[in-house]
Amino acid sequence: MRRVVHLASGREWRGGQRQTWLLARELQRLGVDQRLVTRAGSELARRARADGVPVVEVPWSAGLDPRAWWAARRAAREAPALLHAHDGHAVTLARWAAGDAVPWIATRRNASALRHPATWRRARRVIAISRAVRDQLLHDGVAEERVCIVPSGIDLEATRAAPHEDLRAWARLPNGGAVVLTIAALTDEKGLELIPEALRLLAPGHDVRWVVAGEGPLRAALVAAARRLGVGERLALPGHHPDPVRLLRGADLFVLPSRTEGLGTSVLDALALEVPVIATRSGGVLDILEGGAGVLVPVDDAAALARAVARLLDDPAARRRGVEAGRHVVAQFTARGMAERVRAVYASFDGTL
């Protein structure tokens, strides 16, 4: 039986790291022999170890830290192994660590163009988390027979059992009005620049506060845009939350305005908690919502986004229809299902897993 050696930098705690943790946890429950090589002291290391996953913690400071390469190489040579890279830097390190002796695969979670496509083309398999990711990989020259789709998943029971935290209190919102929530890093690809303009268009007829839970380089630009458009008091940027699932029940709507999105597990969390969803037609979000589980609007169209928010706030029946459809859709995106499909990818190498 091949040992699986996961390689993930774990330098931040976002969607990709959460998926790596869930995958490793479920594979452990399925009895897969594995090791996780990741940054010492990271949230990923802490959670994986708590769930019984053997973790090799290394002082992974730079993206291509040679200590991470050495740890991956050593772990991959302790037993017949398969290396599984979970982020861009890990892909390069996995290629170096594998050499000619160890097969390696990678997971791609982003629907944008590859920065170093030649490296990804060397992987024995590339797991795409959505059709949009697969299409971009093919466009970038990864051989079709090496690409397989395994959607990300969530732990439905844990999500539904998550403690409720008062969103208004956390974001320091006044009482009254509707609350729209976005969970996203404050980065270009998330399309958050639409929010101040959408709030301006909503302001005449709707009392709305919009909370963005996340942190990143666009904070100053969002604050400036909200002030310029006269909606500074309506946009709340409280920062990063370690477990934003706890906030979802306090939202009237969940909105994801991304320009590009690999899949959108925050959308899955919202559907699991029966929060109505609006998202842009970006990447893998279509795999979740195109059947009616949420409202889809064009990318980079603040007016369409504002109209969709207003329509759902004003139409309880439309909200109920979306919630009902979402209840059925989210059951198709579970962490256990993801792990079983990834295990099948591993088994394609030697039939022993």
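Scroll up to find the structure this text is about.
Residues numbered from 1 in each chain as written. Predicted model: local features only at pLDDT ≥ 70, side-chain atom pairs only at ≥ 80, totals over all residues. Heavy atoms only, no water.

A. A look at the overall build of the chain. Assigned secondary structure in the chain consists of 15 helices and 13 strands. In terms of principal-axis extent, the alpha carbons of the chain reach across some 65 × 40 × 35 Å. Taking all 353 residues of the chain together, the buried fraction comes to 54%. Approximately 14700 Å² of the chain is accessible, and the part contributed by carbon and sulfur atoms is 48%. (Helix = DSSP H or I, 4+ residues; strand = E, 2+ residues; numbered from the N terminus. Buried < 20%, exposed > 50% of the residue type's maximum accessible area, 1.4 Å probe, protein only. Areas by Shrake-Rupley, 256 points an atom, 1.4 Å probe, with all protein chains shown as cover.)

B. Focus on the sheet that holds strand β11 (residues 253–256). Spatial ordering of the open sheet is given by β10-β9-β8-β11-β12-β13, a layout of six strands whose pairing is parallel. The open sheet is flanked by β10 (235–239) and β13 (295–297), the only strands paired with a single partner. Between one strand axis and the next, the sheet turns by 25° as a mean value, whatever way the strands run. Where strand β12 (residues 277–280) meets β13, three bridges bridge the pair, whose relative direction is parallel. If you follow T280 over to β13, its bridge partner there is V297. (Pairing = 2+ DSSP bridges. Axes fitted to C-alpha atoms, helices over the stretch in contact; angles between N-to-C directions.)

C. Just the pattern of salt bridges, in detail. Tallying each qualifying case throughout the model produces 27 salt bridges. Linking E26 and R336 is a salt bridge whose minimum nitrogen-to-oxygen distance equals 2.8 Å. Taken together, the residues span a long stretch of sequence, with E26 in helix α1 (residues 15–29) and R336 in helix α15 (residues 335–350) at a distance of 310 residues. For E26, a relative accessible area of 4% gives the class buried. Among the residues examined, R336 registers a relative accessible area of 33% and is labelled partly exposed. A salt bridge links R35 to D33; the nearest nitrogen and oxygen atoms lie 3.3 Å apart. On the basis of relative accessibility, which here comes to 25%, the residue D33 falls in the partly exposed class. Each of R25, E26, R29, D155 and R336 takes part in salt bridges that share partners, so that together they form one network. (Salt bridge = Lys/Arg side-chain N within 4 Å of Asp/Glu carboxyl O.)

D. Region of interest: unusual backbone geometry. Phi is positive for E274, close to 60°, though the residue is something other than glycine. Tracing the chain through its elements places E274 in the loop between α11 (265–272) and β12. For D300, which is not a glycine, the phi torsion comes out positive at approximately 60°. In this fold, D300 is placed in the loop between β13 and α13 (302–314). Owing to a relative accessible area of 42%, D300 belongs among the partly exposed residues under this scheme.

E. How the structure looks around the side chain of R168. Secondary-structure assignment places R168 in helix α8 (residues 167–171). This buried residue, R168, is left without a salt bridge; D252 holds the nearest opposite charge, at 5.0 Å. A polar contact is formed between the side chain of R168 and the backbone oxygen of P174, at a distance of 2.7 Å. (Lys, Arg positive; Asp, Glu negative; His and termini not counted. Polar contact = N/O pair within 3.5 Å; in protein donor to acceptor, adjacent residues only side chain to side chain.)

F. Region of interest: the packing of aromatic side chains. Inspection of every chain in the model, using the stated rule, returns two aromatic pairs. Measuring from centroid to centroid gives 6.1 Å for W13 and W21, while their planes differ by 55°, and the two rings are tilted. What makes W13 buried here is its relative accessible area of 18%. Accessibility expressed as a relative area gives 13% for W21, which makes it buried. Measuring from centroid to centroid gives 5.9 Å for W69 and W70, while their planes differ by 50°, and the two rings are tilted. On the basis of relative accessible area, W70 is assigned to the partly exposed category, the value being 41%. Here the basic side chain of R25 rests over the ring of W21, its NZ or CZ set 5.5 Å away from the ring centre. (Phe/Tyr/Trp six-rings, centres within 6.5 Å; stacked < 30°, edge-to-face > 60°. Lys NZ or Arg CZ within 6 Å of the ring centre and 35° of its normal.)

G. Here's a closer look at the sheet that holds strand β3 (residues 55–58). Here seven strands make up an open sheet; going across it, the order is β3-β2-β1-β4-β5-β6-β7 and the pairing parallel. Edge positions in the sheet fall to β3 and β7 (147–149), since each has one partner strand and no second. On average, adjacent strands in this sheet sit at an angle of 20° to one another, irrespective of strand direction. Where strand β5 (residues 104–108) and strand β6 (residues 125–128) come together, four bridges link them in parallel fashion. Within the sheet, the bridge partner assigned to T107 lies in β6 and is I127. Sitting on the sheet, helix α6 (residues 131–139) touches β5, β6 and β7, and the angle it makes with β7 is about 170°. (Contact = heavy atoms within 4.5 Å.)

H. Fine view of helix α3 (residues 66–76). By the burial criterion, the buried members of α3 are A68, A71, A72, A75 and A76. All buried residues of α3 project into a common sector of 125° when viewed along the axis, lining one side. The inward-facing, buried residues of α3 abut β1 (3–7), β2 (34–39), β3, β4 (81–85) and α4 (88–98). (Arc of directions from axis to C-beta.)

I. The nonpolar core, seen in detail. In this structure, L83, L181, F254, I288 and L289 are the most contacted members of the largest nonpolar core, which totals 70 residues. Beyond its immediate stretch of four places on either side in the chain, L83 contacts V5, A72, A76, A94, A97, A98, V102, P103, W104 and I105. Membership of the second largest hydrophobic core comes to 34 residues, among which are L186, L192, V212 and A318. (Core = buried A, V, L, I, M, F, W, Y, C linked by side-chain atoms within 4.5 Å.)

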